[in-house]
Amino acid sequence: MTKVIGVRFRRAGKVYYFSPGKLEIEKDDRVIVETARGVEYGHVVIGTREVEDDKVVQPLKSVIRLATAQDQEQENKNREKEKDAFRICQEKIRKHKLEMKLIDAEYTFDNNKVLFYFTADGRIDFRELVKDLASVFKTRIELRQIGVRDETKILGGIGICGRSLCCHTHQSEFLPVSIKMAKEQNLSLNPTKISGVCGRLMCCLKHEEETYEELNSRLPNPGDRVTAKDGSRGEVSSVNVLRQLVKVIVTLDNEEKEIREYKVEDLKFKPRRKKEKKNQNHPEDKELKALEALERREGKSKLNEN
């Protein structure tokens, strides 16, 4: 077992493990640590605890010190300087006529480097821009191209649920999302209805996936033949996944048909067949495949390359 603390450097950012050493560090403390980018100011989100050795990437770096009032003041100054850096970089982008959208500017705690995050449709030759920025800031400059998901994570917004976006408020890393999850939850396969603010599949499709898989495994498929406890037999018309209710088209003695609703435990049927229905003629099939391809290609965040 290894003693660690969990540190986060940006809101809803990835949590990194550091060794507390001999320091008494608790949750919500501020610490100064050394990272691949240099010395950084971080927020402790996981207090001192022991974790399995295989969950820690070695070598594990130690905390330099607990943050002081002076460190907090330095951090506040950096945040103010970032606003000016953002404005200057935008001016330089316009000057060089580059097809790129600046999203954020970030100073490392020790001012050893300034990072600029941007989005663009393709590759951008920003060598002259970097030289121009270096002459202004007199420090190392890094321009990092990020995807639309990272852009949304930084800027934030309101989802169709009416709440702040998960990626901006609490979700540390992007979850792998697929069209299959929308099918499992019986959602409309219209790309505009299952896509988030970023234009990619909604992260919340993953949140309830396990629950829907478990509930669906107990239900028959529409079209299956079932037998009820009262002896009635019929074909499944529809199912209510959350309430675990099944509507069955029952044929009566006089050959008339009637729709009856049963609890799933009152029915006998073969176990649910786990297969996806493929409809090659679906009008949005091509767009859905393109959306899923983007998910696979842009699934990893570029903000976590610390």
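Scroll up for the structure.
This report concerns the structure included in the present document. Because the structure is predicted, anything quoted here is derived from the model rather than measured.

### A few points about the environment of Asp-253
Position of Asp-253 relative to the elements: it lies in the loop between strand S11 (245-251) and strand S12 (257-263). Spatially, the C-alpha atom of Asp-253 lies 76 Å from that of Leu-98, the residues being 155 residues apart in sequence.

### Some remarks on the layout of surface pockets
Size it by volume and the second largest pocket reaches roughly 530 Å³. Looking at the lining of the second largest pocket, the elements that each hand over two or more residues are strand S4 (38-51), helix H1 (69-96), strand S6 (101-107) and helix H3 (148-155). The element that contributes the greatest number of residues to the lining of the second largest pocket is H1, accounting for 5 residues. Partitioned by chemical class, the residues of the lining of the second largest pocket number 6 nonpolar, 5 polar and 11 charged.

### Focus on helix H2 (residues 127-137)
When H2 is considered as a whole, its buried residues turn out to be Leu-129, Asp-132, Leu-133 and Phe-137. Buried residues of H2 fall within an arc of 120° about the axis and therefore sit on the same side. Along H2, exposed side chains directed more than 90 degrees from the buried face belong to Arg-127 and Lys-131. The inward-facing, buried residues of H2 contact H1, S6, strand S7 (113-119) and strand S8 (140-145).

### Quick notes on unusual backbone geometry
Following Gln-58, the chain continues into Pro-59 via a peptide bond in cis, with omega recorded as -5°. Within the secondary structure layout, Pro-59 lies in the loop between S4 and strand S5 (63-66). Positive phi, close to 55°, is recorded for Lys-97, a residue that is not glycine. Note that Lys-97 resides in the loop between H1 and S6. Judged by its relative accessible area of 72%, Lys-97 falls in the exposed class. Phi at Lys-138 takes a positive value of approximately 55°, unusual for a residue other than glycine. Among the secondary structure elements, Lys-138 is positioned in the loop between H2 and S8.

### Focus: the packing of aromatic side chains
Under the defined criterion, the tally for this structure stands at 5 aromatic pairs. Ring centres 6.0 Å apart and planes at 45° place the aromatic pair Phe-116 and Phe-137 in the tilted group. You can see Phe-116 sitting in strand S7 and its partner Phe-137 sitting in helix H2, a full 21 residues away along the chain. For the pair formed by Phe-116 and Phe-137, the shared burial category is buried. Grouped by ring-pair contacts, the aromatic residues Phe-9, Tyr-16 and Phe-18 constitute a single cluster. Of note, Lys-81 hangs over the ring of Tyr-107, and the distance from its end group to the ring centre comes to 4.6 Å. The ring of Phe-174 has Lys-153 sitting right over it, with the charged end atom 5.8 Å from the ring centre.

### Focus on the state of the cysteines
Going through the model one piece at a time under the given rule, you end up with 0 disulfides. The thiol of Cys-161 is unpaired, and the distance to the nearest cysteine sulfur, on Cys-166, comes to 6.5 Å. Its sulfur unpaired, Cys-166 is 6.2 Å from the next cysteine sulfur, which belongs to Cys-204.

### Focus: the pattern of salt bridges
Per the stated rule, a full pass over the model turns up 21 salt bridges. Here Glu-73 makes a salt bridge to Lys-77, at a shortest N to O gap of 3.8 Å. In this pair, Glu-73 and Lys-77 both sit in helix H1, 4 residues apart, roughly one turn of the helix. Arg-144 is paired through a salt bridge with Glu-142; the nearest N and O atoms lie 2.7 Å apart.

### Details of the sheet that holds S8
Adjacent strands of a sheet form backbone hydrogen bonds with each other and so pair up, either parallel or antiparallel. Read across the sheet, 3 strands follow the order S6-S7-S8 without closing on themselves; strand pairing throughout is mixed. Looking at which strands have only one partner, the edges of the open sheet turn out to be S6 and S8. Shown here is a sheet whose adjacent strand axes are inclined to one another by a mean of 20°, direction ignored. When S6 meets S7, the two strands line up antiparallel, connected through 6 bridges. Bridge pairing in S7 places Lys-101 opposite Thr-119. The sheet strands contacting H1 are S6 and S7, and the helix crosses S6 at an angle near 145°.

Thresholds applied
- Residues numbered from 1 in each chain as written.
- Predicted model: local features only at pLDDT ≥ 70, side-chain atom pairs only at ≥ 80, totals over all residues.
- Heavy atoms only, no water.
- Helix = DSSP H or I, 4+ residues; strand = E, 2+ residues; numbered from the N terminus.
- 1 Å grid on protein atoms, 1.4 Å probe; cavity = no way out; pocket = protein on both sides within 12 Å on 5 of 7 lines; lining within 4 Å.
- Points joined across faces, edges and corners; volume = space filled by probe spheres on them.
- Nonpolar A, V, L, I, M, F, W, Y, C, P; charged D, E, K, R; others polar.
- Buried < 20%, exposed > 50% of the residue type's maximum accessible area, 1.4 Å probe, protein only.
- Arc of directions from axis to C-beta.
- Contact = heavy atoms within 4.5 Å.
- Phe/Tyr/Trp six-rings, centres within 6.5 Å; stacked < 30°, edge-to-face > 60°.
- Lys NZ or Arg CZ within 6 Å of the ring centre and 35° of its normal.
- Disulfide = S-S within 2.5 Å.
- Salt bridge = Lys/Arg side-chain N within 4 Å of Asp/Glu carboxyl O.
- Pairing = 2+ DSSP bridges.
- Axes fitted to C-alpha atoms, helices over the stretch in contact; angles between N-to-C directions.

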